[in-house]
Amino acid sequence: MSEMISKYLSYEDYQCHHCKKTPFPLFTEYRTALFEAFDNIVESLKIKVIVTSGWRCEEHQEELRKAGYKAAMFSPHFFSAIDFLPDPKSGVSVSEVVKFIEENYPKMRLGYRAYNYRFIHMDNVYNVPEEDLNKLLDKYPFEVKEHVKRAWRPGVTW
Ligand SMILES: [Zn+2]
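These lines cover the structure that appears in this document, whether it is placed above or below. Remember, predicted model here, so these are calculated numbers, not experimental data.

1. Details of the nonpolar core
1) Next: Of all hydrophobic cores here, the largest spans 29 residues; its most connected members are Phe38, Ile82, Phe84, Ile120 and Met122.
2) Next: Elements that contribute at least two residues to this core include exactly helix H2 (29-45), strand E2 (81-86), helix H4 (94-104) and strand E4 (120-123).
3) Next: Each residue touching methionine 122, except ones within four places of it in the same chain, is listed here: Ala81, Ile82, Ile101, Met108 and Leu110.

2. A closer look at unusual backbone geometry
1) Next: Look at the link from phenylalanine 24 to proline 25: it is a cis peptide, with omega at -10°.
2) Next: Take proline 25: it is sitting in the loop between helix H1 (11-14) and H2.
3) Next: Its identity is not glycine, yet lysine 46 carries a phi of approximately 50°, on the positive side.
4) Next: Turning to its location among the elements, lysine 46 is positioned in the loop between H2 and strand E1 (49-53).

3. Details of the sheet that holds strand E3 (residues 109-111)
1) Next: The antiparallel open sheet is built from four strands, whose spatial order is E1-E2-E4-E3. Each edge of the sheet is formed by a strand with only one pairing partner; in this case those strands are E1 and E3. Neighbouring strand axes in the sheet, compared pairwise and without regard to direction, differ in orientation by 30° on average.
2) Next: Strand direction decides the pairing type here: E1 and E2, joined by four bridges, are antiparallel. By the bridge assignment for E2, valine 49 is matched with proline 86.
3) Next: Sitting on the sheet, H4 touches E2, E3 and E4, and the angle it makes with E4 is about 20°.

4. With respect to the environment of tyrosine 30
1) Next: Turning to its location among the elements, tyrosine 30 is positioned in helix H2.
2) Next: For tyrosine 30, a count of 17 C-beta atoms within 10 Å gives the class partly exposed.
3) Next: With residues near it in sequence (within four places) discarded, tyrosine 30 still touches Ser80, Asn124, Asn127 and Val128.

5. As for the packing of H2 against H4
1) Next: Viewed as axis vectors pointing N to C, H2 and H4 meet at an angle of 120°, and their least axial separation amounts to 11 Å. In terms of their interaxial angle, H2 and H4 are classed as oblique. Read as a crossing pair, H2 and H4 show a hand that is right-handed. Taken together, the residues of H4 that come into contact with H2 (itself represented by Ile41, Ser44 and Leu45) are Val97, Phe100 and Ile101.

Basis of the calculations
Residues numbered from 1 in each chain as written. Predicted model: local features only at pLDDT ≥ 70, side-chain atom pairs only at ≥ 80, totals over all residues. Core = buried A, V, L, I, M, F, W, Y, C linked by C-beta atoms within 7 Å. Buried ≥ 20, exposed ≤ 12 C-beta atoms within 10 Å, placed from the backbone. Helix = DSSP H or I, 4+ residues; strand = E, 2+ residues; numbered from the N terminus. Contact = placed C-beta atoms within 7 Å. Pairing = 2+ DSSP bridges. Axes fitted to C-alpha atoms, helices over the stretch in contact; angles between N-to-C directions. Parallel < 35°, antiparallel > 145°, perpendicular 65-115°, else oblique. Left-handed = near helix turned anticlockwise from the far one by under 90°.

Remember, this is a structural readout, not a statement about activity or role.
Below, the structure written as structure tokens:
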């Protein structure tokens, strides 16, 4: 059995698929809040979930882009994001999970329509301190910075 980050999230699920690393320090205030929300969703809906993506390093994001995935150049996964879906055997749909999140965590940024309800992208990157954000963001082109400042706001869904 894999070691756990929180009650329902394992290291194996959250670590970068490419280098197996997790961010350091792992338990920042914003990441801990995301893990707690994730646990509460799983527990309240009594579902099993399949996590398809947790943390990603910049190199992995670049690989995804090169492989033709519709991945952003600067990803919420660099900070605090989880992609997941309810296990089909749980009998709960992606829409039902989205509804629960929107009711209980209205600030979460949620992607699901753009992915045809195949999975849910959930993040709280609006809580990343400006200083931490800029440490990475400063390396990217101006348009990317402008986009991030505009789009990384609470309650955005796509
Ligand atoms: Zn990596």
